[in-house]
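Per-entry structural report
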Amino acid sequence: MTNLNLTCNNTQPIGIDGDIDTGKPRRSRRNVEPIDWGSANMTTLGPENKQQAKSILTDATWIAMEEMSPVEEDTIEQKCFHWEIDNWSNLPHEARGPVFEAGGHEWNLLLFPRGNHGDFSHISVYLELTNAKDTCRPDQHACAQYVILVSSISDPTNYYCKPSRARFSNYCKDWGFNDFLPHERLLSFKDDKERVSVPFLENDRIRFSVIVNVVRDPTGVLWMTDFENYDSREHTGFVGLRNQGATCYMNSLFQSLYCTNAFRKAVYQIPTENDNPTDSIALSMQRLFHNLQFSNNAVDTVEVTKSFKWNSLDTLMQHDVQEFNRLLQDKLEEKMMVHTSRIKELHVLTHADNPIT
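Residues numbered from 1 in each chain as written. Predicted model: local features only at pLDDT ≥ 70, side-chain atom pairs only at ≥ 80, totals over all residues. Heavy atoms only, no water.

Looking at an unreviewed UniProt entry, the chain carries the name Cysteine proteinase, with the source organism given as Lichtheimia corymbifera JMRC:FSU:9682.

Describing the overall build of the chain
Rules: Secondary structure elements follow DSSP: runs of H or I of four or more residues count as helices, runs of E of two or more count as strands, with numbering from the N terminus. Burial classes follow relative accessibility: with a 1.4 Å probe on protein chains only, a residue under 20% of its type's maximum area counts as buried, one over 50% as exposed, and anything between as partly exposed. Using the Shrake-Rupley algorithm and a 1.4 Å probe, accessible areas are obtained, with residue cover drawn only from the displayed protein chains.
For the chain, the helix and strand inventory stands at ten helices and ten strands. Within the chain, buried positions represent 47% of all 357 residues. A total of about 18200 Å² of accessible surface is found on the chain, and carbon and sulfur atoms cover 48% of it.

Focus: the packing of helix α4 (residues 248-259) against helix α6 (residues 281-294)
Rules: With axes taken as lines fitted to C-alpha atoms, and helix axes fitted only over the stretch in contact, angles between N-to-C directions fall between 0 and 180 degrees. In this scheme, roughly parallel covers angles under 35 degrees and roughly antiparallel covers those over 145, while 65 to 115 is roughly perpendicular and the rest are oblique. Contacts are assigned to residue pairs with any non-hydrogen atoms lying within 4.5 Å of each other. Charged means Asp, Glu, Lys or Arg here, nonpolar means Ala, Val, Leu, Ile, Met, Phe, Trp, Tyr, Cys or Pro, and polar covers whatever is left, Gly included.
Between α4 and α6, the shortest axis-to-axis distance is 11 Å and the interhelical angle comes to 75°. If you check the angle between α4 and α6, you find them roughly perpendicular. In contact with Phe 254, Gln 255, Leu 257 and Tyr 258 of α4, α6 contributes Met 285, Leu 288, Phe 289, Leu 292 and Gln 293. For the contact of α4 with α6, a count of residues per class yields seven nonpolar, two polar and no charged.

Brief notes about the pattern of salt bridges
Side chains that differ in charge, positive against negative, can pair when their charged atoms come close. Convention followed: Salt bridge, as used here, is a side-chain nitrogen of Lys or Arg placed within 4 Å of a carboxyl oxygen of Asp or Glu.
A complete count under the given rule lists 15 salt bridges for this structure. Taking the shortest distance from any N to any O, the salt bridge between Asp 330 and Arg 326 comes out at 3.3 Å. Taken together, the residues span about one helical turn, with Asp 330 and Arg 326 both in helix α9 (residues 321-336) at a distance of four residues. A residue is classified by how much of its surface remains accessible, and Asp 330, at 29% relative accessible area, is partly exposed. In the salt-bridge network here, residues are joined through shared partners; they are Glu 94, Arg 96, Glu 128, Lys 173 and Asp 174.

Comments concerning the nonpolar core
What tends to happen in soluble globular proteins is that the nonpolar side chains get buried as a cluster. Filter applied, for reference: For the purposes of this section, nonpolar cores are sets of buried Ala, Val, Leu, Ile, Met, Phe, Trp, Tyr and Cys residues that join through side-chain atoms within 4.5 Å.
Formed by 37 residues in total, the largest nonpolar core has its most connected members in Trp 88, Trp 107 and Phe 208. Leave out the neighbours within four places in its chain, and Trp 88 touches Leu 111, Pro 113, Ile 123, Leu 186, Leu 201, Asp 204, Ile 206 and Phe 208. Residues Leu 241, Ile 270, Val 304 and Met 336 belong to the second largest nonpolar core, which totals 26 residues.

Focus: the pairing of strand β7 (residues 141-151)
Let me state the cut-off plainly: When DSSP locates at least two bridges between a pair of strands, those strands are taken to pair.
Of all eleven residues in β7, eleven are buried; the element is thus mostly enclosed. Alternating residues of β7 divide into His 141, Cys 143, Gln 145, Val 147, Leu 149 and Ser 151 and Ala 142, Ala 144, Tyr 146, Ile 148 and Val 150, and every residue in both groups is buried. One ladder, built from nine bridges, connects β7 with strand β10 (residues 206-215); its direction is antiparallel. Considered in β10, the bridge of Ser 151 is made with Arg 207.

Let's talk about the packing of aromatic side chains
The description of an aromatic ring pair rests on the distance of the ring centres and on the angle between the ring planes. Convention followed: What counts as a ring pair is set by centres within 6.5 Å for rings of Phe, Tyr and Trp (its six-membered ring), and what kind of pair is set by the plane angle: stacked under 30 degrees, edge-to-face over 60, tilted for all other angles.
As enumerated under the stated definition, the model contains 15 aromatic pairs in all. Ring geometry for Phe 112 and Tyr 126: centres 6.0 Å apart, planes at 85°, overall edge-to-face. One end of the pair, Phe 112, is in strand β5 (residues 105-112); the other, Tyr 126, is in strand β6 (residues 122-129), and 14 residues separate them in sequence. Judged by relative accessible area, Tyr 126 falls into the buried class, the value being 0%. Arranged with centres 6.2 Å apart and planes meeting at 40°, the rings of Phe 177 and Phe 180 form a pair that is tilted. Three or more aromatic residues joined by ring pairs form one cluster here, namely Trp 107, Tyr 146, Tyr 160, Phe 168, Phe 177 and Phe 180.

Some words on helix α5 (residues 261-268)
Where burial is concerned, most of α5 is hidden: six out of the eight residues are buried. If you check which residues of α5 are buried, you get Asn 261, Ala 262, Phe 263, Arg 264, Ala 266 and Val 267.

Thoughts on the environment of Glu 106
Turning to its location among the elements, Glu 106 is positioned in strand β5. For Glu 106, a relative accessible area of 32% puts it in the partly exposed group.

Some points on the side chain of Ser 124
Quick note on the threshold: Distance and chemistry together define a polar contact, namely a pair of N or O atoms within 3.5 Å, with one atom able to donate a hydrogen and the other to accept it when in protein, and with adjacent residues in sequence counting only for side-chain atoms on both sides.
Considering the arrangement of structural elements, one finds Ser 124 in strand β6. Reaching out from Ser 124, the side chain makes a polar contact with the backbone oxygen of Asn 178 at a distance of 2.5 Å. With sequence-adjacent residues up to four places away left out, Ser 124 is seen in contact with Leu 110, Leu 111, Phe 112, Gly 115, Asn 116, His 117, Phe 177 and Asn 178.

A few points about α4
Think of an α-helix as 3.6 residues a turn; residues three or four steps apart then line up on the same face. For clarity, the threshold we go by: An expected span of 1.5 Å times one less than the residue number is assigned to each helix.
The end-to-end C-alpha separation of α4 is 17 Å, in line with the 16 Å expected for twelve residues at 1.5 Å each. For α4, the complete set of buried residues consists of Tyr 249, Met 250, Asn 251, Leu 253, Phe 254, Leu 257 and Tyr 258. In the core, the buried residues of α4 are packed alongside α5, α6, α7 (302-307) and α9.

A word on the pairing of strand β8 (residues 159-169)
With ten of its eleven residues buried, β8 lies for the most part within the structure. The sheet contact formed by β7 and β8 spans eleven bridges and is antiparallel. What sits directly across from Ala 142, in β8, is Phe 168.

Thoughts on the environment of Arg 137
Structurally, Arg 137 can be placed in the loop between α2 (132-135) and β7. Here Arg 137 falls in the partly exposed class, since its relative accessible area comes to 47%. Separated by 32 residues in sequence, Arg 137 and Ser 169 have C-alpha atoms that sit 8.2 Å apart.

Have a look at this one:
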């Protein structure tokens, strides 16, 4: 399988009766070899007549447009796959559909006819990146929007669907819906308005489909939900700051000042040879900037807050960023002595000088 270096922010599709289905990965289970149940068909996406009742077999493009949220990322490839099952009642607890290709990756539907979550009152169904644990390196992934559908064999316009989007990798190779559809809704039933629905399951036959839209990941972090294996320095050249509780305002200021290269250079020039970092704001800022410039991991700000004589309660309180910046500049100006005029000039800097190497 060809693995593209793509990516995925997890949506919360609205489930049946308005309940929220988070689209979270299912719980871990034992591996089961793919099973070729029923027949598989690939629909080529092309122009359709939107005025007619939409069929999953011929109108996949319009269904995708209606169900998928617009994204800025470029589409690599969009395909629709159908899995027709002829022996629903004989399916095992866990069944995989035939493998299909989209966007340079191999995919399959993963189905739990009797459910995989909670009270097992719903069908569970997922989109799976085939054999991801064996073929994908930790730094490889694919990002895809998808719509999973169930429909009756005799009437492809009679369908039910749920959309989502996700980042697939060897760490999280399948995404979908634990509570896709209640079992009783496979057959005819009356809704709250006493309307009788058309059954999806007819003569033990049913169709599951999935529309997959594989997109490019220009940032390397698209729809990422777990940064455990993400190397920020490698992908962006920068690392972040850890939040101590309510210090996001302070972290934003520090990152802005760090990226103002003239300011960073001036801070490096402050004489601090005999200082202690927990007592000297200037030295703690020098060490903070140095770590942001050379560390491979996220940097903490504990030394800086200690140099301000803050306790843990102070870090849990939101402060005004302008007031904090004024206090920081005053403290640095006091320490800078002969460089005082330089600090005042830096107050109005809006553009960085040449990068420091």
